[in-house]
Amino acid sequence: MVKIGVIMLISWNTTWVCNLRCRHCYRDAGKKAKDELSTSEGKLLLEEIGGSGFKRIVFSGGEPLLRKDIYELVRYAKDLGLDSVFGTNGTLISPEVARMLKLAGATRIGISLDSLRENIHDDFRQVKGAYRKAISGMKSCKMVGLEFQIHTTVMEFNYDEIEEISNFSERIGAEAYHIFFLIPTGRARDYQYSKRGVQQWAKMYESLLQRILIKQKEIDIELKPTCAPQFVRQALQMNIPIRFKKGCLAGISYCCILPNGDVHPCPYLPINAGNIREKGFKEIWEEADILLKLRSRNYKGKCGRCDYKESCGGCRARAYFYSEDYMGEDPFCLYNG
């Protein structure tokens, strides 16, 4: 049994089906695949997740609200003592859907918003009206007393908007604002979001992390960079208290289940640790080679020498994309201590 001193979190991509066609989708979502886990398989998975020490599950996709048995699965997770949260585009959340989610046992809904400029968000999500429907989804959650948070993926077009979206998140009643730093996987591999090189983006990311930490001192809701573990190091350097004590959690206290039952260390690190139809999830989680290597923290390059190796760890998915070595150094880190 793996003993971890933090809350263990799992993300289940419940379906490949989606009503949007987002340009950066890490799962290349769209149509349903024939081999998606059934309701009974999903319930067995939830039992094994609970029995493996996990406390929180993220229902995501694709678009999880397009899965017909989603409320049944959330109720089952609740009965098992799992805290159920969602990652959704928010466009399908009417007041009635929000009420049903709350009754089923969902505790918080993460809704994507990539710009406060309606046309920019809609273009990125490739469906006209996506912006207004996402905002409506937030208001529906607020109406029924269901906690929600806002998610933004950092792109060149919204790099200067992050503080403004932070303010908006607080005004509309979000509990938190999570800022995702793009990993080129899925459709994002082919989407040319920037002509800037790695070093230029590394400087921009470092600067943005500082901006986020400074903004956190000015705002009451939680701001959290995701896929940017260097924020833990920066918080320590800037003497800014944060509740997050570990950067990259991939394979350590976090993993991802694909719609067909494949287990990946995180949604952005496309290496299969095993399939739950062939081995039980608990066995995969405790014995898969890639997960054991990630827990060893025997990183290479400057990540292996770093003073903040234990607290940051570098982004394993980004290391893999740029070097094809998930234990390699994170090229978006500027620290050389």
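Computed from a predicted model, the values in this text were never measured in an experiment. (Residues numbered from 1 in each chain as written. Predicted model: local features only at pLDDT ≥ 70, side-chain atom pairs only at ≥ 80, totals over all residues. Heavy atoms only, no water.)

1. Remarks on helix H10 (residues 289-296)
Thinking step 1. Within H10, burial applies to Ile290, Leu291, Leu294 and Arg295. Taken end-on, H10 shows its buried residues confined to a sector of 135 degrees, consistent with a single buried face.
Thinking step 2. Where the residues of H10 are buried, they touch helix H9 (281-287) and helix H12 (316-323).
Thinking step 3. Looking at the residues trailing H10, positive phi occurs at Arg297, about 60 degrees. (Buried < 20%, exposed > 50% of the residue type's maximum accessible area, 1.4 Å probe, protein only. Helix = DSSP H or I, 4+ residues; strand = E, 2+ residues; numbered from the N terminus. Arc of directions from axis to C-beta. Contact = heavy atoms within 4.5 Å.)

2. Looking at helix H8 (residues 230-237)
Thinking step 1. Taken across its eight residues, H8 has six buried, putting it largely inside the fold.
Thinking step 2. Those residues of H8 that fall on the buried side of the exposure criterion are Gln230, Phe231, Val232, Arg233, Gln234 and Ala235.
Thinking step 3. Contacts made by the buried residues of H8 are with helix H7 (198-216) and strand E7 (222-226).
Thinking step 4. Once H8 finishes, Asn239 follows within two positions and takes phi at roughly 55 degrees, a positive value.

3. Things to note about the pattern of salt bridges
Thinking step 1. The final tally for this structure, using the stated rule, is 21 salt bridges.
Thinking step 2. Between Arg56 and Asp83 there is a salt bridge, with the nearest N and O atoms lying 2.8 Å from each other. With a gap of 27 residues between them, Arg56 in strand E2 (residues 56-60) and Asp83 in strand E3 (residues 83-88) connect regions that are remote in the sequence.
Thinking step 3. Taking the relative accessible area as the measure of exposure, Arg56 reaches 29% and is therefore partly exposed. (Salt bridge = Lys/Arg side-chain N within 4 Å of Asp/Glu carboxyl O.)

4. Structural notes on the sheet that holds strand E4 (residues 106-112)
Backbone hydrogen bonds are what pair the strands of a sheet, in a parallel or an antiparallel way.
Thinking step 1. If you walk across this open sheet you meet the ten strands as E7-E6-E5-E4-E3-E2-E1-E8-E9-E10, and the pairing is mixed. Of all strands in the sheet, those with a lone pairing partner are E7 and strand E10 (274-275), marking the two edges.
Thinking step 2. Strand direction decides the pairing type here: strand E5 (residues 147-154) and strand E6 (residues 176-181), joined by six bridges, are parallel. Note that in E6 the partner of Ile150 across the bridge is Tyr177. (Pairing = 2+ DSSP bridges.)

5. Remarks on the packing of helix H1 (residues 39-51) against helix H2 (residues 70-79)
Thinking step 1. Where H1 contacts H2, the axes come no closer than 10 Å and their chain directions differ by 25 degrees. As far as their axial angle goes, H2 and H1 are roughly parallel. Viewed along their axes, H1 and H2 form a crossing whose handedness is right-handed. Counted together, Thr39, Gly42, Lys43, Leu46 and Glu47 of H1 and Glu72, Leu73, Tyr76 and Ala77 of H2 form the full contact between these two elements. (Axes fitted to C-alpha atoms, helices over the stretch in contact; angles between N-to-C directions. Parallel < 35°, antiparallel > 145°, perpendicular 65-115°, else oblique. Left-handed = near helix turned anticlockwise from the far one by under 90°.)

6. Quick look at the side chain of Asn158
Thinking step 1. By the element assignment, Asn158 lies in the loop between E5 and helix H6 (162-172).
Thinking step 2. Since its relative accessible area comes to 0%, Asn158 is described here as buried.
Thinking step 3. Here Thr153 takes part through its backbone oxygen, which lies 2.9 Å from a polar atom of the side chain of Asn158.
Thinking step 4. In this structure Asn158 touches Asp114, Arg117, Thr152 and Thr153, once residues within four positions along its chain are discounted. (Polar contact = N/O pair within 3.5 Å; in protein donor to acceptor, adjacent residues only side chain to side chain.)

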